[in-house]
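# Structural overview for review
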Amino acid sequence: MVELSKSFELEIETLDNDHKELVTMANEISALLDQGNSGDCKDRLAQFIRFAKAHFSREERLLLKVGYPNVEKHHRHHKELDLKMEHMLEFAESAGLNEQARESLKKELVFFIMDDVITTDLDFKDFVKSKKTE
Ligand SMILES: [Fe+2]
Ligand SMILES: [Fe+2]
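Conventions we followed
In this convention, every chain numbers its residues from 1, walking through the sequence in written order. Ligands are numbered from 1 and chains lettered from A, in the order in which they are written. Predicted model: local features are reported for residues with pLDDT of at least 70 only, side-chain atom pairs are reported and counted for 80 or more only, and whole-chain, interface and lining totals are derived from all residues. Runs of H or I in DSSP of at least four residues are treated as helices and runs of E of at least two as strands, each being numbered from the N terminus. Atoms counted for the radius of gyration: C-alpha only. Globule rule: 2.2 Å times the number of residues to the power 0.38. Here exposure depends only on C-beta density: within 10 Å of a residue's C-beta, 20 or more other C-beta atoms make it buried, 12 or fewer make it exposed, and intermediate numbers make it partly exposed, the C-beta atoms being placed from the backbone. Residues are treated as contacting if the C-beta atoms built from their backbones sit within 7 Å of each other. Helix axes are fitted only over the stretch in contact, all axes being lines through C-alpha atoms; the angle between N-to-C directions runs from 0 to 180 degrees. These descriptions rest on fixed angle ranges, namely under 35 degrees for roughly parallel, over 145 for roughly antiparallel, 65 to 115 for roughly perpendicular, and the rest for oblique. In this scheme the crossing of two helices becomes right-handed for a clockwise turn of the near helix relative to the far one and left-handed for an anticlockwise turn of less than a right angle. Amino acids are sorted into nonpolar (Ala, Val, Leu, Ile, Met, Phe, Trp, Tyr, Cys and Pro), charged (Asp, Glu, Lys and Arg) and polar (every other residue, Gly among them). Helix span, expected: 1.5 Å multiplied by one less than the number of residues in the helix. Buried Ala, Val, Leu, Ile, Met, Phe, Trp, Tyr and Cys residues form a nonpolar core when they are connected through C-beta atoms within 7 Å.

So, on to the overall build of the protein. Along the protein, the regular secondary structure elements total four helices and zero strands. When the elements of the protein are put in sequence order from the N terminus, they spell out α-α-α-α. Against the compact-globule benchmark of 14 Å for 134 residues, the protein has a radius of gyration of 16 Å, which places it among compact chains. Seen through its C-alpha atoms, the protein measures out along the principal axes to roughly 55 × 25 × 20 Å. Residues classed as buried in the protein amount to 20% of the 134 residues present. Restricting to contacts in the protein with at least 6 residues of sequence separation, those with at least 24 account for 62%.

Packing of helix H1 (residues 13-34) against helix H2 (residues 38-65) brings their axes to within 10 Å, and their N-to-C directions diverge by 165°. Relative to H2, the element H1 lies roughly antiparallel. For the pair H1 and H2, the crossing hand works out as left-handed. When H1 is examined against H2, the residues Thr14, Leu15, Asp18, Glu21, Leu22, Met25, Ala26, Glu28, Ile29, Leu32 and Leu33 are found in contact with a partner set consisting of Asp40, Cys41, Arg44, Leu45, Gln47, Phe48, Phe51, Ala52, His55, Arg58 and Glu59. When its residues are assigned to classes, the contact of H1 with H2 shows 12 nonpolar, three polar and seven charged.

Residue pairs three or four apart in sequence face the same way in an α-helix, which turns once every 3.6 residues. For H1, built from 22 residues, the straight-helix expectation of 32 Å at 1.5 Å per residue is met to within 8% by its first-to-last C-alpha distance of 32 Å. Leu15, Asp18, His19, Leu22, Val23, Ala26, Ile29, Leu32 and Leu33 are the residues of H1 that are buried. Residue Gly36 follows H1 closely and has a positive phi angle near 70°.

How two helices pack is summed up by the angle between their axes together with the distance between the axes. Axis separation between H2 and helix H3 (residues 71-93) bottoms out at 10 Å; the angle between their running directions is 180°. With respect to H3, the element H2 is oriented roughly antiparallel. Within the contact between the two elements, H2 uses Cys41, Lys42, Leu45, Ala46, Ile49, Ala52, Lys53, Phe56, Glu60, Leu63 and Leu64 and H3 uses Val71, His74, His75, His78, Asp82, Met85, Met88, Leu89, Ala92 and Glu93. In terms of residue class, the contact of H2 with H3 is built from 13 nonpolar, three polar and five charged.

Looking now at the nonpolar core. With 17 residues, the main nonpolar core has Leu22, Ala26, Ile29, Cys41 and Ile113 as its most contacted residues. If you list the elements that add at least two residues to this core, you get H1, H2, H3 and helix H4 (99-133). Ile113 has contacts with Val2, Leu22, Val23, Ala26 and Ile118, leaving out every residue within four places of it along the chain.

To continue, consider the environment of Val128. Topologically, Val128 is positioned in helix H4. Take Val128: there are 19 C-beta atoms within 10 Å of it, and that puts it in the partly exposed class. Here the alpha-carbon distance between Val128 and Phe91, two residues 37 residues apart in the chain, equals 36 Å. Beyond its immediate chain neighbours, meaning those up to four positions away, Val128 contacts Ile12, Val66 and Tyr68.

This brings us to unusual backbone geometry. The phi torsion at Glu11 lies on the positive side, around 60°, for a residue other than glycine. Here Glu11 shows up in the segment before H1. Owing to 11 C-beta atoms within 10 Å, Glu11 belongs among the exposed residues under this scheme.

Here it is in structure tokens:
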């Protein structure tokens, strides 16, 4: 179970809400894995991926709007995550088969959401904040 502490907030409402939704979805997927419900888990993961991709687009639009200088780099980072999510989905295909695959997927999901998605966004927090108060 992942929880989003204050230190991970960007203080950008739309993006923080998206991150919270992603955390909620990731927790739901973990719970489904615990129940051994791999069918629903795959559906939910596909939904998670769609939402994450939409979030990345929203985020990039905002970064472009405020003139964030490293937007291209962050875009490339998101593209790598798209690929990672596709791999997770493939992994979920076999998650029904064994406990180890389910545990790996759960760990991967926590790492993905906390390190890949949320922590890397902290890079632009101060820049966006400075633009808002200008
Ligand atoms: Fe984000
Ligand atoms: Fe991001």
